[in-house]
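In case you want the letters, here they are:
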Amino acid sequence: MSTGMTTDQTARETGRADAAPAISLRGVTKNYADGSGKVTKVLAGLDLDVADGEFVAVLGFSGSGKTTLVSAIAGLIDLDAGQVIVDGRPAGSSSARSSSARSSSDGTGCGVVFQSYSLFPWLTVEGNVRLAVDAVHRDLDRAARSKLTDATIELVGLAHARDRKTAQLSGGMRQRVAVARALAMRSDILLLDEPLSALDALTRSKLQDEIERIRAQERRTILLVTNDVDEALLLADRVAVLEPGPAAKIAATFDVDLPRPRQRAELNHDLAYTVLRNEIVACLDGLKGDQPSTGFAPDLQLPEVTPRDLRPLATQRDQSTSFSPKRYVELAEVTKVFPTPDGPLTIVDSIDLRIDRGEFISLIGHSGCGKSTVLSMIAGLAPITDGWIALDGHTVDAAGPDKAMVFQSPSLLPWLTARQNVALGVERVYPHAPKSERRAIVEYYLARVGLADAMDKPASGLSSGMRQRVGLARAFALSPKVLLLDEPFGMLDSLTRWDLQDVLLEVWDRSKVTTICVTHDVDEAILLADRVVMMTNGPKAKIGRVLEIEFERPRDRRSLLTDPRFYEYREQVLAFLDECEHGERSDAA
């Protein structure tokens, strides 16, 4: 590990110790003031050099200023102190800004992709990408610009959607359009602010491969903000870790001396990789421990009160003898077909799954395999085309509070406080309980997820991680029979995600609520679950394999990372996903 950032270190890839860095940050400081005039120092005296052709990945907590850092390098904001030099020019200068905006086919300037994509919703995929190509590559003729547009759209896997308006696309597909726009600029410097965080594992791996190709073949300078330690180690020459905000600066840097090309499956067997990975995780965990704690008030007690059964009467009366009393959640020959202009499309085909009471299941597979569709059918939010689903001996044919669901976006009412958002559900399922007990339930679960000091803050004023904590508290407070999690941490940075995984495990260990979690994160699937259920590619997706996870509970992340079985499980899941990627399991039974 290295904590000093010197030109000697960052120029090692060029072989010239005296080479001028492509990006140089010296004493970078940026403050923001809110409506009341209160000033928050986001970055404070940050120093970092990135050599010409070097790939640096930046990891940091939510709110540590990662996006502010990217904006500073791109020259999009003015600094309060310090300096950013990009290609020998101050990033905030008019010459640098015109160069960045101009960026032509000779590869000058910066290409930037932010986590929050900014597309023209009334334009098609082709229209959005072509707009960037036409603005940047004015020296190319029409045919060459069309060829570049087509090639970039094909590259990010959107050829089938080129004529669709971006307003009609999923969040992941829109992010692919944003990535395509930046890649089409062919800039010398690429600034990537968590561009792949909303993508499924397959698309993410393909774009990771393309980013690696750009690094290897075109020697572009790349700075990547990522929420994935493995992504950083797969791609980067160096990893820089930001201190927690406010007043963040670089806490440590790690040289990634792993030989290239780096293969995901092979890294799993590389001792140097596992050692470096554990060092970075330990560093991040250590920094997380330095954050102020919201704390859990130990005197809070959960009232002894049972939620009211709010299932429809028709469902309560259905006592089919075909249900197994040993299984709590049952899916039998479940098929889902959607109508399309080209005819019926079978998304999932004859899914069979039995889940015990109190079991935690992770559901994993590539985009389009129907994971969220399965979850929606279990929740009663989507009708079943064929087969049946049962929960606690009753058929599932309607949504209700006995099936609590947490989505990737927590969907809170922004004008209500955290307490009020959770209370909405509690009032619904505990109408018979005294007001004091309902209040105690709300406070108990908000405290359990680390929001003891933020209960009365409006949802609009909470960070994305805090909002997701409210979503978890709301779900647990319903005392559901089954908890359904649809990529609940998919949009969060790795540190916030780890924190909320720990929160989820801690609260789940106390409640033992039967849980099904859809995730694209292999490590998350293994950490959380008793079984990892792997689905084949869609359409007509099936359950391809079920992996038993035999770690004892309660589980500790650091202990798991030193357990050889963790990497064995990881390799099995990655191998399955790789087989699906190459079509070997697309038709598996």
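About the thresholds
Residues numbered from 1 in each chain as written. Predicted model: local features only at pLDDT ≥ 70, side-chain atom pairs only at ≥ 80, totals over all residues. Heavy atoms only, no water. pLDDT = per-residue confidence, 0-100. Contact = heavy atoms within 4.5 Å. Helix = DSSP H or I, 4+ residues; strand = E, 2+ residues; numbered from the N terminus. Pairing = 2+ DSSP bridges. Axes fitted to C-alpha atoms, helices over the stretch in contact; angles between N-to-C directions. Phe/Tyr/Trp six-rings, centres within 6.5 Å; stacked < 30°, edge-to-face > 60°. Buried < 20%, exposed > 50% of the residue type's maximum accessible area, 1.4 Å probe, protein only. Lys NZ or Arg CZ within 6 Å of the ring centre and 35° of its normal. Patch = residues over 30% accessible without salt bridge, like charges linked within 9 Å, V, L, I, M, F, W, Y side chains within 5 Å. Areas by Shrake-Rupley, 256 points an atom, 1.4 Å probe, with all protein chains shown as cover. Salt bridge = Lys/Arg side-chain N within 4 Å of Asp/Glu carboxyl O. Parallel < 35°, antiparallel > 145°, perpendicular 65-115°, else oblique. Left-handed = near helix turned anticlockwise from the far one by under 90°. Nonpolar A, V, L, I, M, F, W, Y, C, P; charged D, E, K, R; others polar. Expected span 1.5 Å × (residues − 1).

**A word on the confidence of the model for the protein chain**
Predicted coordinates in regions of low pLDDT should not be interpreted in detail.
Link 1 in the chain: Scored by pLDDT, the protein chain has a mean of 81; 83% of the residues are at 70 or more.
Link 2 in the chain: Ignoring residues within four places in sequence, the model shows residues 93-108, a span with pLDDT below 50, making 35 contacts including any to other chains.
Link 3 in the chain: Low confidence marks residues 290-297, where pLDDT is under 50. Its contacts with residues over four positions away, or in another chain, come to 12 contacts.

**Quick look at the environment of I347**
Link 1 in the chain: Note that I347 resides in strand β12 (residues 345-355).
Link 2 in the chain: Spatially, the C-alpha atom of I347 lies 6.3 Å from that of A541, the residues being 194 residues apart in sequence.
Link 3 in the chain: Beyond its immediate sequence surroundings of up to four residues, I347 is in contact with K336, F338, C369, G370, T373, P539, K540 and A541.

**Description of the sheet that holds strand β18 (residues 514-518)**
Link 1 in the chain: The sheet built from six strands is open, its strands ordered β16-β17-β18-β13-β19-β20 with mixed pairing. Two strands lie at the open edges of the sheet, namely β16 (403-406) and β20 (543-548), each paired on one side alone. With direction set aside, neighbouring strand axes in the sheet form an average angle of 15 degrees.
Link 2 in the chain: Relative to strand β17 (residues 482-486), helix α12 (residues 371-379) is tilted by about 150 degrees, and along the sheet it contacts β13 (360-364), β16, β17, β18 and β19 (531-535).
Link 3 in the chain: The strands touched by helix α15 (residues 464-477) within the sheet are β16 and β17, with β16 carrying the most contacts at an inclination of about 175 degrees.

**Focus on the packing of aromatic side chains**
Link 1 in the chain: Taken as a whole and judged by the stated rule, the model has six aromatic pairs.
Link 2 in the chain: Taking 5.7 Å as the distance between ring centres and 70 degrees as the angle between the ring planes, the aromatic pair formed by F360 and W508 counts as edge-to-face. Remark: W508 occurs in helix α16 (residues 494-511) and F360 occurs in strand β13; sequence separation between them is 148 residues.
Link 3 in the chain: Residue classification places F360 among the buried residues on the basis of a relative accessible area of 0%.
Link 4 in the chain: The exposure class assigned to W508 is buried, which follows from its relative accessible area of 1%.
Link 5 in the chain: Feature note: the residues Y444, Y445 and F476 constitute an aromatic cluster, connected by ring pairs.
Link 6 in the chain: K30 extends its terminal NZ or CZ atom over the ring of Y32, reaching a point 5.1 Å from the ring centre.
Link 7 in the chain: A cation over a ring is seen here: K336 above F338, with NZ or CZ 4.9 Å from the ring centre.

**Details of a nonpolar patch on the surface**
Link 1 in the chain: Residues F120, W122 and L131 make up a contiguous nonpolar surface patch of roughly 320 Å² in combined accessible area.
Link 2 in the chain: Among the structural elements, F120 can be located in the loop between β6 (110-113) and α4 (125-136).
Link 3 in the chain: When its relative accessible area of 33% is taken as the criterion, F120 is described as partly exposed.

**Side note on the packing of helix α14 (residues 435-448) against α15**
Helices that pack against each other are described as a pair by the angle of their axes relative to one another and the distance between those axes.
Link 1 in the chain: Remark: α14 packs on α15, axes separated minimally by 9 Å, with the N-to-C direction vectors making an angle of 135 degrees. Between α14 and α15, the interaxial angle falls into the category oblique. Like other packed secondary-structure pairs, α14 and α15 cross with a definite hand, here right-handed. Between α14, through I441, Y445 and L446, and α15, the contact on the second element is made entirely by A473, F476 and A477.
Link 2 in the chain: Looking at the contact of α14 with α15 residue by residue, the classes come out as six nonpolar, no polar and no charged.

**A few points about the pairing of strand β11 (residues 329-338)**
Link 1 in the chain: Buried residues dominate β11, accounting for seven of its 10 residues.
Link 2 in the chain: Sheet analysis places β11 next to β12, joined by seven bridges and oriented antiparallel. Bridge pairing in β12 places K336 opposite V348.
Link 3 in the chain: The hairpin formed by β11 and β12 contains six residues between the paired strands, and G343 there has a positive phi angle of roughly 115 degrees.

**Details of the environment of V337**
Link 1 in the chain: Relative to the assigned elements, V337 resides in strand β11.
Link 2 in the chain: Taking the C-alpha atoms as reference, V337 lies 8.6 Å from D386; in sequence the two are 49 residues apart.
Link 3 in the chain: Non-local contacts of V337, meaning those with residues more than four positions away in its chain, are made with P344, L345, T346 and T385.

**A closer look at unusual backbone geometry**
Generally, phi is negative for residues other than glycine and the peptide bonds are trans, each holding for most cases.
Link 1 in the chain: With omega at 0 degrees, the peptide bond leading from R260 into P261 counts as cis.
Link 2 in the chain: Among the structural elements, P261 can be located in the loop between β10 (250-255) and α9 (264-267).
Link 3 in the chain: Cis rather than trans, the peptide bond between R553 and P554 has omega equal to 0 degrees.
Link 4 in the chain: In this structure, P554 sits in the loop between β20 and α18 (557-561).
Link 5 in the chain: Unusually for a residue other than glycine, S479 sits at a positive phi of about 50 degrees.
Link 6 in the chain: Even without being glycine, E487 reaches a positive phi, approximately 50 degrees.
Link 7 in the chain: Along the chain, the position of E487 falls in the loop between β17 and α16.
Link 8 in the chain: The class for E487 is buried, based on a relative accessible area of 17%.

**Here we look at the sheet that holds β10**
Link 1 in the chain: Judged by pairing direction, the sheet is mixed, and its six strands sit side by side in the order β6-β7-β8-β3-β9-β10 without closing on themselves. The outermost strands of the open sheet, each flanked by one partner alone, are β6 and β10. With strand direction ignored, the average angle separating the axes of adjacent strands in the sheet is 15 degrees.
Link 2 in the chain: In the sheet, strand β9 (residues 238-242) pairs with β10 via five bridges, with the strands oriented antiparallel. Directly across from A240, in β10, lies its bridge partner T253.

**A closer look at α14**
Link 1 in the chain: Given a rise of 1.5 Å per residue, 14 residues ought to cover 20 Å, and the 20 Å separating the end C-alpha atoms of α14 matches this to within 8%.
Link 2 in the chain: Most of α14 sits inside the fold, with 10 of its 14 residues counted as buried.
Link 3 in the chain: Taken together, the buried positions of α14 are R438, A440, I441, V442, E443, Y444, Y445, L446, A447 and R448.
Link 4 in the chain: Phi for G450, located one or two positions after α14, is positive at around 90 degrees.

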